[in-house]
Amino acid sequence: MSCDRVTIKKKSYHFLFTFPHSFLHWFVGKCISQWLLPMTTSRPVAPTRIPGRYLSHQEGLPKLPVPSLQQTCERYLATLEPIVDEEELSHTKELLAEFQKAGGVGERLQKGLERRARKTENWLSDWWLTTAYLDYRMPVVVHSSPGVVLPRLEFSDRQGQMRFAAKLIAGVLDFKTMIDNETLPVEYLGGKQLCMNQYYQVLSSCRVPGLKRDSVVNHAHRSRPPTHITVVHNFQFFVLDVYNSDGTPLTVDQLYMQLEKVWSSSLQTNKEPIGILTSNQRNSWGKAYNNLIKDKTNKDSVRAIQKSIFTVCLDAPMPCVSDELYHSRAAVQMLHGGGSRWNSGNRWFDKTLQFIIGEDGSCGLMYEHAPAEGPPIVSLIDHVVEYTKKSEMVRTPMVPLPMPQKLRFNITPEIKKDIEKAKQNMNIMVHDLDVKVIVFSHFGKNVPKTHKMSPDAFIQMGLQLAYYRMYQRCCATYESASLRMFKLGRTDTIRSCSIDSANFVKAMDDPAKQKIEKVTLLEKAVKAHRAYTDMAIHGQAIDRHLLGLKLQAIEDLTSMPEIFMDTSYAVANHYNLSTSQVPAKTDCVMCFGPVAPDGYGVCYNPMAEHINFAVSAFNSCNETNATHMAQRLEEALLDMRMLLESTPKAKL
């Protein structure tokens, strides 16, 4: 699935990430407590939570609106125009006219939705969690969970790996302090406060498989919240307590020593990769899960992983590649681990947050998408990366620390069979996924801004042009828009393919068109994208509203309205381009798999003077090729810049 967009640049809208870089009060308190630590190995204690601030902020947020039925139907028709033929469009117009009749099925479903909106905190959020994630039966690997590639690290041995892992863990715990104290700075968009709920869902949480529907458990708000993380090395899982008996987090030196113990206790490379079970199709994993946890030892081990604050994966080196291919290879390592021969068994894919650190300097993370979109993840990444750059000033107390607990699994012949099947399926996915990461170094946000254009809209028009040049047609395009202006808001869809974008891409390579006309069409397409973005973030887009009407029909046990059985609806929801802008201060890139068998997944991080792109496709589709799409995208962006810079109007 696409990840939530994080930044929307408009004249009046600028999403601001703010971190309190000064944590003086906490730091001084930590220093004093570390010096005065008692010589004890008693049970770790979780830090004290300070309730109230988060709730008072949340209560002030508006509810997600239900758009008008007429507005959504009109806008739906406009989005169909560039992607369906005239005959299909004419048929859909008839269906929509019938659907909107006074006293008809559309009006009845609309009233049902409005009732739901009055009775609930957010009419969409529970439905979206269930339909987009928990009911989705494809593997979370490739098909749902994004990966993030962080800048390559300057080490190539286990000491460097352990030292960085220790710093990273300390950085995450530092961020967790702000969550526990409810001192995370509230984020704003266009002067309006944003919902912060997702920040409170990503730590100490985990997806749990079911036979037909999954669930998500969150242990952060329990009376005794978890005090441990899980560390996995050579397919072996360990519980590592990260807090002292007085509630202070372990220092970087203490964490390093504990990680060394984990490493030296897991040198065997012939262990069964129990974690690879989590990569399977969800119904298969649900069945294997029920079988696995019949054994009490297995059940306790699984629960320890699920309850942990997060997971750290200490990966074996991946195959060496050229510097040019490094980012692409790192992307697949973060997305799936490289296959059963490499690091795919060194994961628990249901865990919300897994930080991945390779012995060869590769670094990143993957996250399970159900609890949150991109912003809290990126916010956490930026904080942790900055933290790892700091020198360590806290003196490590000479306190004996307990040995990290190795989690045991009893592998029956049936479980062994499930593992072998999961290995086979994983290797098929690995061979099928084609990922190309490029650093577009010619320009970044600076060029579109010079021409008074939204960088995101400019990049999206580049994608439309690249796709049109490859296939001579326009396609349904998904770009994720945040609904966090509203309480418990998740996402809606920015439909980047519009009548205006279609007019631009068709004119761009038409020799009969003058440059000035092409520039005018590009400007119009960019403005249309900005207008749709604005509409989406204010809860007035069409896709979640249409989904709500469809789910209301299912809930009312009425026959499915014909507009949802229509060919146009199927075409509109077949996203050949699934895209997401995920900006970060860190020079990283997020990546995810396509959502259609013949589609592309495109994620990008626009920096000031360059853009990081990750493009994915499936090798099993002869029509798609990630490398070709990346090349066409690069050409399209350069041609658009040349058009603007060589046209007199653009220079005014």
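Definitions and cut-offs
- Here the residue numbers are simple positions, counted from 1 along each chain's written sequence.
- The model is predicted, so local features are restricted to residues of pLDDT at least 70 and side-chain atom pairs to those at 80 or more, both for listing and for counting; the totals for chains, interfaces and linings are taken over all residues.
- With hydrogens and water excluded, all non-hydrogen atoms of the structure serve as input to the side-chain values.
- In plain words, nonpolar cores are sets of buried Ala, Val, Leu, Ile, Met, Phe, Trp, Tyr and Cys residues tied together by side-chain atoms within 4.5 Å.
- Categorising residues by exposure relies on relative accessible area from a 1.4 Å probe, with only protein chains included: less than 20% of the type maximum marks a residue as buried, more than 50% marks it as exposed, and the intermediate range marks it as partly exposed.
- By the criteria applied, helices consist of DSSP H or I runs no shorter than four residues and strands consist of E runs no shorter than two, each listed in order from the N terminus.
- Here, residues are in contact when the closest pair of their heavy atoms is within 4.5 Å.
- For two strands to be treated as a pair, DSSP must find at least two bridges joining them.
- Only the contacting stretch of a helix is used when fitting its axis, a line to C-alpha atoms as for every element, and angles between N-to-C directions run 0 to 180 degrees.
- UniProt positions are given in the numbering used here, feature names are shortened, and annotations may be inferred rather than shown by experiment.
- For every residue, the predictor reports its confidence as pLDDT, a number between 0 and 100.

### Concerning the nonpolar core
When a protein is soluble and globular, its nonpolar side chains tend to lie buried together.
Move 1: In this structure, Phe504, Leu522, Tyr600 and Phe613 are the most contacted members of the largest nonpolar core, which totals 94 residues.
Move 2: Here this core gets eleven residues from one element, more than from any other, and that element is helix α15 (residues 455-471).
Move 3: In this view, Leu522 contacts Met453, Phe458, Met461, Phe504, Met640 and Leu644; residues no more than four positions away in its chain are not counted.

### A few points about the sheet that holds strand β8 (residues 311-315)
Move 1: Read across the sheet, eight strands follow the order β11-β7-β6-β8-β9-β10-β1-β16 without closing on themselves; strand pairing throughout is mixed. Sheet topology places β11 (405-406) and β16 (589-591) at the edges, where each strand pairs with a single neighbour.
Move 2: Across two bridges, strand β7 (residues 236-241) lies against β11 in antiparallel orientation. The residue of β11 that forms the bridge with Phe238 is Lys406.
Move 3: Where helix α11 (residues 323-336) meets the sheet, it contacts β1 (147-149), β8, β9 (353-358), β10 (363-367) and β16, and its direction lies at approximately 145° from that of β1.

### Quick look at the UniProt feature "binding site: (R)-carnitine" (unreviewed entry) in the chain
Move 1: If you check UniProt for "binding site: (R)-carnitine" (unreviewed entry), the listed places come out as Tyr478, Ser480 and Thr491 in our numbering.
Move 2: One can find Ser480 in strand β13 (residues 477-482).
Move 3: Taking the relative accessible area as the measure of exposure, Ser480 reaches 0% and is therefore buried.
Move 4: Assignment of secondary structure puts Thr491 in strand β14 (residues 491-495).
Move 5: Judged by its relative accessible area of 2%, Thr491 falls in the buried class.

### Some words on the pairing of strand β6 (residues 228-233)
Move 1: Burial within β6 is extensive, with six of its six residues counted as buried.
Move 2: Because side chains alternate across β6, one face comprises the buried residues His228, Thr230 and Val232, and the other comprises Ile229, Val231 and His233, equally buried.
Move 3: Where β6 and β7 come together, six bridges link them in antiparallel fashion. Bridge pairing links Val232 to Phe237 in β7.
Move 4: With antiparallel pairing between neighbouring strands as the criterion, β6 and β7 make up a hairpin whose turn holds two residues, including Asn234 at a positive phi of roughly 50°.

### What to know about the sheet that holds β13
Move 1: The strand order across the open sheet formed by six strands is β12-β18-β17-β15-β13-β14, and the pairing between neighbours is mixed. In this open sheet, the two edge strands, each paired with only one partner strand, are β12 (433-440) and β14. The sheet shows a mean angle of 25° between the axes of neighbouring strands, direction not considered.
Move 2: When β13 meets strand β15 (residues 577-581), the two strands line up parallel, connected through three bridges. Pairing of Glu479 across the sheet is with Thr579, part of β15.
Move 3: Lying over the sheet, helix α13 (residues 413-432) contacts β12 and β18 (611-618), oriented at roughly 40° with respect to β12.

### Some details on the confidence of the model for the chain
Move 1: When pLDDT is averaged along the chain, the result is 89, and 90% of the positions lie at 70 or above.
Move 2: Confidence, expressed as mean pLDDT per element, reaches its minimum in the chain at helix α1 (residues 24-35) with 34 and its maximum at α15 with 98.
Move 3: Ignoring residues within four places in sequence, the model shows residues 1-42, a span with pLDDT below 50, making 140 contacts including any to other chains.
Move 4: In this model, residues 46-51 is a region of pLDDT below 50 whose contacts with residues beyond four sequence positions or in other chains number 18 contacts.

### Details of the pairing of β15
Move 1: Counted residue by residue, β15 has five buried out of five residues, so it is predominantly covered.
Move 2: A two-sided burial pattern is seen for β15, the buried positions comprising Leu577, Thr579 and Gln581 on one face and Ser578 and Ser580 on the other.
Move 3: When β15 meets strand β17 (residues 600-606), the two strands line up parallel, connected through five bridges. When the bridges of β17 are listed, Thr579 appears paired with Val602.

### Focus: the environment of Ser578
Move 1: Among the structural elements, Ser578 can be located in strand β15.
Move 2: With relative accessibility at 1%, the residue Ser578 sits in the buried group.
Move 3: For the pair formed by Ser578 and Tyr600, sequence separation is 22 residues and the distance between their alpha carbons is 6.2 Å.

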